[in-house]
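In case you want the letters, here they are:
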Amino acid sequence: LHTARAQAKKLVFGGSIPLSGGAAETGLNVHNGYATAVKFLNEQGGVDIVGTKYQLELKLFDDASDPARATTLIQRLLDDRVDFFLGSFGSNIVLPTAAITERAERPMVQAGGGSDQIFTQGNRYVFGMFPRATRQFQSTVAFFKTLNPQPKTFSVIATNDAFSKTFAAGIVKDCTAAGFQLIENYLLPEHISDASSVLSSVRAKTPDMLLCAMHDQNALLIARQMIATGTNVGLLFQGLGPQLASYREALGKHATGIFYSTYWDRRTTWKDPFFESPPKFSEYYAKNFTRPIAYHVAAGAACIITYVKAMQAARSIDPVQVRDALAKTDLETLYGRIKFTADGDGDAVVMGPSVGQVLKGEGEVVYPAGGKTANLLWPVPDWNKKS
């Protein structure tokens, strides 16, 4: 057995990931998703591609949330003849690294970059587990239309980074098209330490909905400052943040009622070719990692599963043939159904987000009806009335 294992052929997946720095909170989740799938498949004896068994290997290095460091690491992996890449977390890192793998005609499957720029510059080798940012809000707007009493006005706060800016543009476009009235559109720096002037404007203009397009740490800062200043809105939506147990713990009872995007829930009934189901995947993950599971973990694991199924469909590990098979993917996995647009991002209908809401300290799915894990809390009480 030892000799057979030593001689097993290897499939290497390379990439960089933020295990430290500003994006580490979610970067670690993506990394753990990649690692969970690889460990599980290797324990099953590896994967069979046209009668040959391969063990999977990860060559992932910490880019410390720094795009310049990430590009150096990716170039080094290409020089080492790595053929298949996994993405980092954050569009500001996925953009420049995908440009390098694109030039080398090497595929990158990633669960960390949704900026439109990744998918509108003619890239053929990069695939993403989310719809592009400007298409990510369509299902959420449909949810807003179901609310009774229905909100009428909205303001947007975005940070000035590649993903958040384009996500905010999609929010404004889709909400306006649905008949909601824009009160104010605020753009803050990429890294914020104080949002008091914006929040004082929100208090003065009282939109029915405040919609935040930013990464986790910034969302937490906004929520904390809203609580501290008594800034109440009927509906607070934060695309990223509330999906993390650490965010919910930090806010305690004040997290109740906050809405967010979620792409996955461990209680869903999807079928998976390797893990069987989301509950079984979650169980296996919990045996190997202590970090609470989040949707980015499932998205990371789905990148590996999608790669393996594409290799099996292509009957090859040639990067160009695997790329062509990835483009044709239509597959049910623990993460849900995976189908890419012609530009490589997730199909907006098939892979768009559900709406989550924090209830009793947990993230619950409240829309669409078919995926609900709890009943909606609406209207949401003011900060000082939450218990």
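Anything mentioned here points back to the structure above.
Described below are features of the structure shown in this document. (Residues numbered from 1 in each chain as written. Predicted model: local features only at pLDDT ≥ 70, side-chain atom pairs only at ≥ 80, totals over all residues. Heavy atoms only, no water.)

Notes on the packing of aromatic side chains
What counts here: Stacked, tilted and edge-to-face pairs are distinguished by plane angle, under 30 degrees for stacked and over 60 for edge-to-face with tilted covering the rest, among Phe, Tyr and Trp rings (Trp via its six-membered ring) whose centres lie within 6.5 Å. Buried, partly exposed and exposed residues are distinguished by accessible area as a fraction of the type maximum, computed with a 1.4 Å probe on protein chains only: under 20%, between the cut-offs, and over 50%, respectively. In this analysis the charged atom, NZ for Lys or CZ for Arg, is taken to sit over a ring once it is within 6 Å of the ring centre and within 35 degrees of the ring normal.
Inspection of every chain in the model, using the stated rule, returns 22 aromatic pairs. Taken together, a centroid distance of 5.2 Å and an interplanar angle of 20 degrees make the contact between Tyr-285 and Phe-289 stacked. Taking relative accessible area as the criterion, Phe-289 reaches 21% and is therefore assigned partly exposed. Sitting over the face of the ring of Phe-180, Lys-145 holds its NZ or CZ atom 5.3 Å from the ring centroid.

Some remarks on unusual backbone geometry
Formally: Note on conventions: DSSP H or I runs of at least 4 residues are helices, E runs of at least 2 residues are strands, and numbering of each starts at the N terminus.
In the segment running from Tyr-367 into Pro-368, the intervening peptide bond is cis, with an omega of 5 degrees. Secondary-structure assignment places Pro-368 in the segment after β15 (362–367). The step from Trp-378 to Pro-379 runs through a cis peptide bond, and the omega angle for that step is -5 degrees. Checked against the element boundaries, Pro-379 lands in the segment after β15. Of note in the backbone geometry, Ser-65 takes a positive phi value of approximately 65 degrees without being a glycine. Looking at where Ser-65 falls in the secondary structure, it is placed in the loop between β3 (52–62) and α3 (67–79).

Overview of the environment of Asn-288
The following threshold applies: Polar contact is defined as a pair of N or O atoms within 3.5 Å, subject to the rule that within protein one atom must be able to donate a hydrogen and the other to accept it, and that residues adjacent in sequence are counted only when both atoms are side-chain atoms.
By the secondary structure assignment, Asn-288 is in helix α11 (residues 278–288). Residue Asn-288 is classed as partly exposed on the basis of its relative accessible area, which comes to 29%. Counting along the chain gives 83 residues from Asn-288 to Lys-205, while the straight-line C-alpha distance between them is 48 Å. There is a polar contact of 3.3 Å between the side chain of Asn-288 and the side chain of Lys-39.

Describing the nonpolar core
Condition: To qualify as a nonpolar core, a set must consist of buried Ala, Val, Leu, Ile, Met, Phe, Trp, Tyr and Cys residues joined through side-chain atoms within 4.5 Å. Contacts are assigned to residue pairs with any non-hydrogen atoms lying within 4.5 Å of each other.
By size, the foremost hydrophobic cluster in this structure holds 81 residues, and its most contacted members are Met-129, Phe-144, Leu-211, Ile-304 and Tyr-335. Among the elements that line this core, the one with the most residues is helix α12 (residues 295–314), at 14 residues. With residues up to four places along the chain from it excluded, the contact list for Phe-144 reads Phe-137, Gln-150, Pro-151, Cys-175, Phe-180, Met-209, Leu-211 and Leu-235. Among the nonpolar cores identified, the runner-up in size contains 28 residues, and Tyr-186, Leu-221, Val-233 and Trp-383 belong to it.

A short note on the pattern of salt bridges
Cut-off, in case you're wondering: The term salt bridge refers to a side-chain nitrogen of Lys or Arg lying within 4 Å of a carboxyl oxygen of Asp or Glu.
Taken as a whole and judged by the stated rule, the model has 13 salt bridges. Its salt-bridge partner being Asp-343, residue Arg-132 comes within 2.8 Å of it at the nearest N-O pair. In this pair, Arg-132 is assigned in the loop between β6 (126–128) and α6 (138–144) and Asp-343 in the loop between β13 (336–339) and β14 (354–359), connecting sequence segments 211 residues apart. Residue classification places Arg-132 among the buried positions, given a relative accessible area of 6%. You can call Asp-343 partly exposed: its relative accessible area is 32%. Between Asp-324 and Arg-323 there is a salt bridge; the shortest N-O distance is 2.8 Å. On the basis of relative accessibility, which here comes to 29%, the residue Asp-324 falls in the partly exposed class. By sharing partners, the salt bridges in this structure join Arg-132, Asp-343 and Asp-345 into a single network.

Quick look at the side chain of Asp-216
Short version of the rule: In this count, Lys and Arg are taken as positive residues and Asp and Glu as negative ones, while His and the chain termini are left out.
Along the chain, Asp-216 falls in helix α9 (residues 216–229). Buried charged residue Asp-216 carries no salt bridge. Nearest counter-charge: Arg-291, at 8.2 Å. Engagement of the side chain of Asp-216 in a polar contact is seen with the backbone nitrogen of Gly-241, the distance being 3.1 Å. Each residue touching Asp-216, except ones within four places of it in the same chain, is listed here: Thr-26, Leu-240, Gly-241, Gln-243 and Leu-244.

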